[in-house]
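Chain residues, written in single-letter form:
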Amino acid sequence: MLRHATIVILLLVAGVAPAHSQDKPVKLTLAAGGSAGSWYIGGAVMSEIVREAFPAINVTPVPGGGVANMRTIQKGEADIAFAFWSTAVEAARGDEPFKTPHGKIRAVISLFPLY
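For every chain, the first residue of the written sequence is number 1, and numbering continues from 1 onward in sequence order. The predicted nature of this model means local features are confined to residues of pLDDT at least 70 and side-chain atom pairs, given and counted, to a pLDDT of 80 or more, with totals for whole chains, interfaces and linings taken over all residues. Only heavy atoms go into the side-chain values, all of them from the structure, while hydrogens and water stay out.

Trainee: Could you give an account of the sheet that holds strand 3 (residues 80-81), naming the residues involved and the relevant values?
Mentor: Only strands that DSSP links by at least two bridges are regarded as paired with each other. The secondary structure listing takes helices from DSSP runs of H or I that are at least 4 residues long and strands from runs of E that are at least 2 residues long, numbered from the N terminus. In spatial order, the strands read 2-1-3; together these three strands make up an open sheet with parallel pairing. Looking at strand neighbours, the two that pair on one side only are strand 2 (57-62) and strand 3, the edges of this open sheet. Bridge analysis of strand 1 (residues 26-31) against strand 2 gives six bridges, and the strand direction is parallel. Bridge assignment links Lys 27 to a residue of strand 2, and that residue is Asn 58. We call two residues contacting when some pair of their heavy atoms lies within 4.5 Å. Lines fitted to the C-alpha atoms define the axes, with helices restricted to the stretch that makes contact. Angles between their N-to-C directions range from 0 to 180 degrees. Against the sheet, helix 2 (residues 38-53) contacts strand 1 and strand 2, and its axis sits at roughly 175 degrees relative to strand 2.

Structural data, given as structure tokens:
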């Protein structure tokens, strides 16, 4: 699963890479999970893979969690985030625990089915 997510992030970053020369580094923030959890560790691994493939692109994982990550994206404090699909749908619709629709939510990949 991590391999698939890494490939998707590499493709997303590759879309950014041609628009920027090596002289202008690109910084992306990845809202992940708790600093000792699998989402954060996975984000750190993916950031290293991206850095090796595209030295001018820096993906920085930051602590978060499912609901918090959606709020972080909506506020513009992260460029990409991990989330459960159900949480992303709730955020986009403004369903509980979200008070308003989060219009900046976009899905890129589903790593594994939950339901």
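Trainee: Can you lay out the packing of aromatic side chains for me, pointing to particular residues and giving the numbers?
Mentor: Aromatic pairs are defined between Phe, Tyr and Trp rings, using the six-membered ring for Trp, whenever the two ring centres lie within 6.5 Å; interplanar angles under 30 degrees are classed as stacked, those over 60 as edge-to-face, and all others as tilted. Applying the stated rule across the entire model yields two aromatic pairs. Plain terms: the ring middles of Trp 39 and Phe 82 are 5.9 Å apart, the flat faces sit at 65 degrees to each other, and that makes the pair edge-to-face. Of this pair, Trp 39 sits in helix 2 while Phe 82 is found in the loop between strand 3 and helix 4 (85-93), placing the two residues 43 residues apart along the sequence. Only protein chains enter the calculation, and the probe is 1.4 Å; a residue is then buried if its accessible area is under 20% of its type maximum, exposed if over 50%, and partly exposed in between. By relative accessible area, Phe 82 is classed as buried at 14%. Measuring from centroid to centroid gives 5.1 Å for Trp 39 and Phe 84, while their planes differ by 50 degrees, and the two rings are tilted. Within this pair, whereas Trp 39 is found in helix 2, its partner Phe 84 is found in the loop between strand 3 and helix 4, the two being separated by 45 residues in sequence. With a relative accessible area of 34%, Phe 84 lands in the partly exposed category.

Trainee: A description of the nonpolar core should follow, citing residues and the corresponding values.
Mentor: Put simply, buried Ala, Val, Leu, Ile, Met, Phe, Trp, Tyr and Cys residues joined by side-chain atoms within 4.5 Å make one nonpolar core. Counting nine residues, the largest nonpolar core is built from Val 26, Leu 28, Leu 30, Ala 32, Met 46, Val 50, Ile 57, Val 59 and Phe 82. Not counting chain neighbours up to four residues away, the residues in contact with Leu 30 comprise Gly 43, Val 59, Thr 60, Pro 61, Val 62, Ile 80, Ala 81 and Phe 82. Judged by nonpolar contacts, the second largest core, of eight residues, contains Met 70, Ala 78, Ala 91 and Ile 105.

Trainee: Can you lay out the pattern of salt bridges for me, pointing to particular residues and giving the numbers?
Mentor: The rule for a salt bridge is simple: a side-chain nitrogen of Lys or Arg has to be within 4 Å of a carboxyl oxygen of Asp or Glu. Here the structure, examined in full by the defined rule, presents one salt bridge. As a salt-bridge pair, Glu 48 and Arg 51 come within 2.6 Å of each other at their nearest N and O atoms. Within this pair, Glu 48 and its partner Arg 51 are both found in helix 2, separated by three residues, close to a single helical turn. What makes Glu 48 partly exposed here is its relative accessible area of 40%.

Trainee: If you had to explain the pairing of strand 1 to someone new, which residues and values would you point to?
Mentor: Remark: the strand 1/helix 2/strand 2 crossover connection has right-handed handedness. Inspection of the sheet shows strand 1 paired to strand 3 by two bridges, in the parallel sense. In the strand pairing of strand 3, Leu 30 is matched with Ile 80. By convention, orient the strands away from the viewer: a clockwise path from the first strand over the helix to the second makes the crossover right-handed.

Trainee: Describe helix 2, with residues and values.
Mentor: To estimate the expected span of a helix, subtract one from its residue number and multiply by 1.5 Å. With 16 residues, helix 2 extends 22 Å from end C-alpha to end C-alpha; this agrees with the ideal 22 Å at 1.5 Å per step. Among the residues of helix 2, those classed as buried are Gly 42, Gly 43, Met 46, Ser 47 and Val 50. Buried residues along helix 2 cover an arc of 140 degrees about the axis, so they all sit on one side. Exposed residues lying more than 90 degrees from the buried face of helix 2 are Ser 38 and Glu 52. Regarding the arc, it is the one traced by the directions from the helix axis to the C-beta atoms.

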